[in-house]
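Results of the structural survey
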Amino acid sequence: RYEKKFIISESEFSNLKILLSSKNFIECFPKRKISSIYYDTKDLKLFYESENGISRRKKIRVRWYNDNLSNSKIEYKIKKSELGDKNFYKISNFKKNELSQVCFFGSKNNLSKDFLPTRIDNFYLPTTLVSYHRNYFLKNNLRITYDSSIYFYAISRNSSRINILHSIPSEYSVLEMKYEEGEDYSIDKTIQHLTDKLDLSLTRFSKYSNSIRSLYC
């Protein structure tokens, strides 16, 4: 699947919806909150691969929707140049002694009843949490998502807990256009028309990389 990303301000969202509606896009799924804990090595190997533009790279994350952490899944997001793919795994594949309790500092009931992997593949550790709200639009085989209210959360960890700490808001919202490899020329024409109308430029925006730069750099 191809994924093209663009930076867009939240103030432009109303213009975006009008434009998409005029082009017969439909809102194909209810707006929802998405949260992901990203895993990386101690020396941030996956972050630096992304920063350096390595052609074949990956992200490892635990993702859940609408604060329903108990239904989270592990995702491996594999990227090769512009093409991306995902593999999914269940938390239940891990043994009890391979899990840590999640603790949200600053909330009333900060100690969650949920447990997530302490490590993935032995050396990938929970590093940051990213949350945002997503709107979904669809026309034929072109799916467009709009991510807003993006927040980056620092994480600390010990032998028994994954601690979700303070957050920093992103100054950007993100528009993504997604379509399968081999789709016809009309999709490229639609993308070009939308980006011209909204004055958007293609970017390599990575929420995980931006969370690292915002929280730790």
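Please refer to the structure higher up on the page.
Residues numbered from 1 in each chain as written. Predicted model: local features only at pLDDT ≥ 70, side-chain atom pairs only at ≥ 80, totals over all residues. Heavy atoms only, no water.

1. Description of the layout of surface pockets
Left-over empty space is what a probe sized like a water molecule reveals as it rolls over the atoms. The calculated volume of the largest pocket comes to roughly 400 Å³. Along the wall of the largest pocket there are 19 residues; nearest its centre are E3, R57, K79, S81 and R204. Put simply, the parts of the chain that give the lining of the largest pocket at least two residues each are β1 (2-8), α2 (45-51), β3 (56-65), β4 (73-80) and β12 (202-203). Here the residues of the lining of the largest pocket sort into three nonpolar, six polar and 10 charged. (1 Å grid on protein atoms, 1.4 Å probe; cavity = no way out; pocket = protein on both sides within 12 Å on 5 of 7 lines; lining within 4 Å. Points joined across faces, edges and corners; volume = space filled by probe spheres on them. Helix = DSSP H or I, 4+ residues; strand = E, 2+ residues; numbered from the N terminus. Nonpolar A, V, L, I, M, F, W, Y, C, P; charged D, E, K, R; others polar.)

2. Thoughts on the pattern of salt bridges
Under the defined criterion, the tally for this structure stands at 12 salt bridges. Taking the shortest distance from any N to any O, the salt bridge between K77 and E3 comes out at 3.1 Å. With a gap of 74 residues between them, K77 in strand β4 and E3 in strand β1 connect regions that are remote in the sequence. Each member of the pair K77 and E3 is classed as buried. Two residues, E176 and R134, come together in a salt bridge whose shortest N-O distance is 3.7 Å. You can see E176 sitting in strand β11 (residues 173-179) and its partner R134 sitting in strand β8 (residues 125-139), a full 42 residues away along the chain. For the pair E176 and R134, a shared accessibility class is recorded, and that class is buried. Through salt bridges with shared partners, a single ionic network connects R134, D147, E176, K178 and K207. (Salt bridge = Lys/Arg side-chain N within 4 Å of Asp/Glu carboxyl O. Buried < 20%, exposed > 50% of the residue type's maximum accessible area, 1.4 Å probe, protein only.)

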